[in-house]
Amino acid sequence: MRVLVLGAGVVGVTTAYYLAREGHEVHVVDAATGVGTDATAGNAGLIAPGHSFAWASPRAPGMLLRSLLGQQTAIRVKLKPDPELYAWGLRFLRECTAERAVRNTLVKLRLCQYSQRCLNELAAEENLDYHQINNGVLYLYRDPQELEAGAKRMALLAEHGQKQEVLDADGVVRLEPALEPVKHKFAGAVYAPTDASGDAQVFSQKLAKVCERLGVTFELGRRVRAFMADGDEVTGVVTDVGILRADQYVLSLGVGSPKVARTIGVKLPIYPAKGYSVTFPTGEGYSPPTIGGVDEQTLVAWSRQGGGLRFTSTAEFAGYDRGWGPSDFSNILRIARDLFPDAADYTRGRCRSCLRPMTPDGPPVIGLGPHRNLWYNTGHGHMGWTMACGSSRALADLMAGRAPEIDLSGNEYRW
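These lines cover the structure that appears in this document, whether it is placed above or below.

Thresholds applied
Residue positions within a chain follow its written sequence, with the count starting from 1. Local features in this predicted model are restricted to residues whose pLDDT is 70 or higher, and side-chain atom pairs enter the listing and the counts only when it is 80 or higher, whereas totals over whole chains, interfaces and linings include all residues. Calculation of side-chain values draws on the structure's entire complement of heavy atoms; hydrogens and water are dropped beforehand. The definitions used throughout rest on a 1 Å grid laid over the protein atoms alone, on which a cavity is an enclosed set of points accommodating a 1.4 Å probe that cannot get out and a pocket is an open set flanked by protein within 12 Å on both sides along at least five of seven lines; lining residues are those having an atom within 4 Å of a point. Grid points are joined across faces, edges and corners, and a volume is the space filled by probe spheres set on the points. Numbering of helices and strands starts at the N terminus; helices are DSSP runs of H or I of at least 4 residues and strands are runs of E of at least 2. Polar here means any residue outside two lists: the nonpolar Ala, Val, Leu, Ile, Met, Phe, Trp, Tyr, Cys and Pro, and the charged Asp, Glu, Lys and Arg; Gly therefore counts as polar. As used in this record, nonpolar core signifies buried Ala, Val, Leu, Ile, Met, Phe, Trp, Tyr and Cys residues forming a set joined through side-chain atoms within 4.5 Å. Using a 1.4 Å probe on the protein chains alone, a residue whose accessible area is under 20% of its type maximum counts as buried, one over 50% counts as exposed, and one in between counts as partly exposed. Should any heavy atoms of two residues lie within 4.5 Å, those residues are counted as being in contact. For two strands to be treated as a pair, DSSP must find no fewer than two bridges joining them. Here, axes are lines fitted to C-alpha atoms. For helices the fit covers the stretch in contact, and angles between N-to-C directions go from 0 to 180 degrees.

This paragraph deals with the layout of surface pockets. Empty space among the atoms becomes visible once a probe the size of a water molecule is rolled across them. Of the volumes computed, that of the largest pocket is approximately 890 Å³. For the largest pocket, the lining is made up of 40 residues, of which Asp38, Leu253, Gly254, Val255 and Gly256 are closest to its centre. Taken together, the elements giving at least two residues each to the lining of the largest pocket come down to α1 (10-21), β2 (25-30), β10 (224-230), α8 (257-262), β18 (350-358), β20 (374-378) and α10 (384-399). Approximately 770 Å³ is the volume found for the second largest pocket. What lines the second largest pocket is a set of 34 residues, and nearest its centre among them are His51, Phe53, Trp55, Leu299 and His382. Of all the elements in the fold, those that place two or more residues in the lining of the second largest pocket are α2 (60-68), α4 (98-126), α5 (144-158), β17 (308-317) and α10. Across the lining of the second largest pocket, the residue classes tally to 21 nonpolar, 10 polar and 3 charged.

This part covers empty space enclosed by the protein. A complete count under the given rule lists 1 cavity of 30 Å³ or more for this structure. The volume enclosed by the largest cavity comes to roughly 60 Å³. Taken together, the residues of the lining of the largest cavity break down into 6 nonpolar, 5 polar and 2 charged.

Another point: the nonpolar core. Ranked by size, the top nonpolar core spans 48 residues in total, and within it Phe203 and Leu207 carry the most contacts. Only β1 (2-6), α1, β2, α4, α7 (200-213) and α10 provide two or more residues apiece to this core. With near-sequence residues (within four places) excluded, leucine 207 lies in contact with Val13, Thr14, Tyr17, Leu122 and Leu128. Judged by nonpolar contacts, the second largest core, of 30 residues, contains Leu140, Ala169, Leu339 and Phe340.

The 6 strands are arranged β9-β2-β1-β13-β20-β19 in an open sheet whose pairing can be described as mixed. Only two strands of the sheet have a single neighbouring strand rather than two, namely β9 (217-220) and β19 (365-368). If you compare each strand with its neighbour and ignore which way they point, the axes differ by 15° on average. Here 4 bridges tie β1 to strand β13 (residues 248-251), and the two strands are oriented parallel to one another. Of the residues in β13, the one forming a bridge with valine 3 is glutamine 248. Against the sheet, α10 engages β1, β13, β19 and β20, with an angle of about 165° to β20.

Looking now at unusual backbone geometry. Peptide bonds are mostly trans, and most non-glycine residues show a negative phi. Of note in the backbone geometry, histidine 131 takes a positive phi value of approximately 60° without being a glycine. Assignment of secondary structure puts histidine 131 in the loop between α4 and β5 (137-141). Even without a glycine there, the phi angle at leucine 299 is positive, about 55°. Relative to the elements of secondary structure, leucine 299 occurs in the loop between β15 (292-295) and β16 (300-305). Exposure remark for leucine 299: the relative accessible area of 25% places this residue in the partly exposed category.

If you trace the 3 strands from one edge of the open sheet to the other, you get β10-β11-β12, paired in antiparallel fashion. Because the sheet does not close on itself, it has two edges, and the strands there are β10 and β12 (242-244). Averaged over all pairs of adjacent strands, the angle between strand axes in this sheet comes to 30°, irrespective of strand direction. Direction of pairing for strand β11 (residues 233-239) relative to β12: antiparallel, over a ladder of 3 bridges. The residue bridging threonine 239 from the neighbouring strand is glycine 242, located in β12.

Okay, here's the thing in structure tokens:
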């Protein structure tokens, strides 16, 4: 069977891999000139089932309100005449009840846990080195009351098989000596020993080479414009240099997915959330952290990326604008220097922004929609790196007519 995968980020590449293993003839198309160059290259690097919480929660509306009042918050919104933003935002707010937050968190957790197992199996089988660090992740709290509240919140994940330990400041420093000079600044952490980190772009590029050995072809620098359809069947894909045809199609274009889907009347509940990342060089004379983590007060995350130290933060709802200025990184730089004053060369950061494809409830869209040969693997938000292998393997099972190894309730196509 000939399958056309639209998108060459980590989700598209893992989709191509699992389909090629099934013996399908797979062709990957993307407007980018390289594999994994957009959101895949700008994520936090954390493989973090231990942080699977849905962003739509009872505390999210307060963050949005403070953002509108000009305060620095992890979730920001820039109001503009954009009906798509307001429609998505209303759906997001409807998901901010305690009951729905728990439900959506558990859907994400189930997929994240499964995906990490798939990633580990894939990396071992294909002998992939992607600068992985499998020593857990620290979720750091600065205030004792916040640490207690955070531990209670994370108990939900522990009840569903996610290992966690609550550490005081001394315990944190024993685990991460780079935090010793600033031990007085935090109360402790929730430590997720099975979480990990790695370079998603390196992983995607190396896996693409494996895909090519399996017969997958990549056509980069070719923009997808629209679908062609006849009734409930997709008959082709219009690109900027002609039409491509296949038996089955998989839409994994991230924030580009809704625009292409609309050309055949499909409305995907996906809107971009702009994230900011900066990667600083490390080397002789510096003392970078050995494992990844998140400052839970500011939601600034960090991870080792080979010879660099990456920090990321913010979900900014401002449409499809990818622009940024130095001020967008001021909070990240402040937290980086505050927590790890001697970790990296903070004068030579490589800054970038990326757009993450967010659904209002949090879980990605996986499976069939209204058309019998168009499959979806998109909308992974800020956890595409964590969820990619699991969602792609599950999709390959669905396309083969098999029941996936995990329950995909909550991930199905939804308007």
